[in-house]
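Listed below, chain by chain, are the residues.
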Amino acid sequence: MNCKKARVLMSAAVDSELALKEEQDFLAHLKQCKECHEEFEDAKKTKMIIKERIVQFKAPQSLVDAIMQLTSLTAIEHEDTLLFE
Amino acid sequence: MTETGRCEHMKKQEPIHQIQTKKDSLSREEQQKQHEFQKEAVVHLNSLYNYALHMTMNPDDAEDLVQETYLKAYRFFNSFERGTNCKAWLFKILKNNYINRFRKNSREPGKVDYDLIKDFYHSIKDTRSDTTEAESDYFHSLLHEEVYQALHSLPEEFREVIQLCDMEGFTYEEIANMVESPIGTVRSRLYRGRKLLRGQLEDYAKKFGFNTNNNTEQ
Ligand SMILES: [Zn+2]
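Residues numbered from 1 in each chain as written. Chains lettered and ligands numbered in written order. Predicted model: local features only at pLDDT ≥ 70, side-chain atom pairs only at ≥ 80, totals over all residues. Heavy atoms only, no water.

Trainee: Got a minute to help me understand the domain arrangement of chain B in this structure?
Mentor: Residues and elements named next belong to chain B. If you check the domain split of chain B, you get domain 1 (21–106) and domain 2 (109–126 + 136–212). The interface of domain 1 with domain 2 comprises 17 residues on the first partner and 20 residues on the second. Between domain 1 and domain 2, the buried area comes to about 1600 Å², and carbon and sulfur atoms account for 58% of it. Its largest share of buried area at the contact with domain 2, domain 1 owes to His54, Met57 and Lys92, together 41% of the area lost on that side. Here domain 1 and domain 2 share three salt bridges between them. (Domains from an automatic or database assignment. Contact = heavy atoms within 4.5 Å. Buried area = accessible area lost by both parts, 1.4 Å probe. Salt bridge = Lys/Arg side-chain N within 4 Å of Asp/Glu carboxyl O.)

Put into structure tokens, the structure is as follows:
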């Protein structure tokens, strides 16, 4: 495998989306190519940062209530309402 | 006025006893649908809300968007293919709603309003849930806010796939379906998006005086 092909597969390798054979070839390339190896490590790190650093907010109670209401007793009314649109 | 706003309005006009009657008269089938919908769809409320926030950068719009999404999802719940990823299905509906309603008057592409991002971040930060402090590399010291800004400085097509993949954990196939592009496109957007993001984060790291060579000593 050459660097060009390795870069095409890079993100899929980070996300464990490669087929077994592809993954083997990719990892074999990393063993002999420092640049691709570094890029791979960087990409994994970037993914990790986004995963762990981006704050997840809680949905406001008003929204939770609205959704619960929507799916409990008002379903039929909404069907009616939608017909007017 | 919003669609959901109109529904709210009409609902309020109805006398209580009438709603009660309707509830009692719900068919068994309808009750089953509601039960299943709550179990399958409503559990993803927080994820949808966060995704809507990232897209709209406005809590009210995000709320509207999520309400509308659930309204549509409930209405078309019968067409949801059982056994597939319900969260992915909901995200797709949300995205379509967003395109129809918001994108027309969104900010110009390529322009990043850092003040807006910053203000927005601060206005909503208070309710944030806890995050774990685990890594030990130099990015450890970066503020959450900086990462947030870096993410939002990316062109939408890159930010979108990164969020769907890294934050929401969708598969490439699910993402490809959501953004209506081939898997190869998803791959290359993720590759390029992460590279851009990496560059942004390094800038921040330098700005804050952190060493970028995996050296944690300060
Ligand atoms: Zn290489």
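Trainee: Can you walk me through the layout of surface pockets in this structure?
Mentor: Any space left empty among the atoms is revealed by the rolling of a water-sized probe across them. All names here are of chain B. The volume enclosed by the second largest pocket comes to roughly 250 Å³. Around the second largest pocket, the lining residues are Ser79, Phe80, Glu81, Thr84, Asn85, Ala88, Trp89, Lys92, Glu173, Glu174, Asn177 and Met178. Looking at the lining of the second largest pocket, the elements that each hand over two or more residues are helix 6 (86–101) and helix 10 (172–179). Looking at the lining of the second largest pocket element by element, the count peaks at four residues for helix 10. A class-by-class count of the residues in the lining of the second largest pocket yields four nonpolar, four polar and four charged. (1 Å grid on protein atoms, 1.4 Å probe; cavity = no way out; pocket = protein on both sides within 12 Å on 5 of 7 lines; lining within 4 Å. Points joined across faces, edges and corners; volume = space filled by probe spheres on them. Helix = DSSP H or I, 4+ residues; strand = E, 2+ residues; numbered from the N terminus. Nonpolar A, V, L, I, M, F, W, Y, C, P; charged D, E, K, R; others polar.)

Trainee: How should helix 5 (residues 59–75) of chain B be read in this particular structure?
Mentor: Side chains three or four residues apart in an α-helix point the same way, a direct result of the helix having 3.6 residues per turn. Residue and element names in this part refer to chain B. With 17 residues, helix 5 should cover 24 Å at 1.5 Å per step; its first-to-last C-alpha distance of 24 Å lies within 8% of that length. Judged by how many residues are buried, helix 5 sits mostly within the fold: twelve of 17 residues are covered. Taken together, the buried positions of helix 5 are Ala62, Glu63, Asp64, Leu65, Val66, Gln67, Glu68, Thr69, Tyr70, Leu71, Ala73 and Tyr74. Capping of helix 5 at its N-terminal end is provided by Asn58; its side-chain oxygen lies 2.8 Å from the backbone amide nitrogen of Asp60. (Expected span 1.5 Å × (residues − 1). Buried < 20%, exposed > 50% of the residue type's maximum accessible area, 1.4 Å probe, protein only. Polar contact = N/O pair within 3.5 Å; in protein donor to acceptor, adjacent residues only side chain to side chain.)

Trainee: Teacher, can you tell me more about the packing of aromatic side chains here?
Mentor: We describe a pair of aromatic rings using the distance from one ring centre to the other and the angle between the two ring planes. Residue and element names in this part refer to chain A. Taken as a whole, this structure holds nine aromatic pairs over all chains when the rule is applied. Both rings, one in Phe26 and one in Phe40, keep their centres 5.3 Å apart while their planes meet at 70°; by these two values the pair is edge-to-face. Pair noted here: Phe26 is in helix 2 (residues 20–32) and Phe40 is in helix 3 (residues 34–53), with a separation of 14 residues, a long-range link. The buried category is assigned to Phe26, whose relative accessible area is 1%. (Phe/Tyr/Trp six-rings, centres within 6.5 Å; stacked < 30°, edge-to-face > 60°.)

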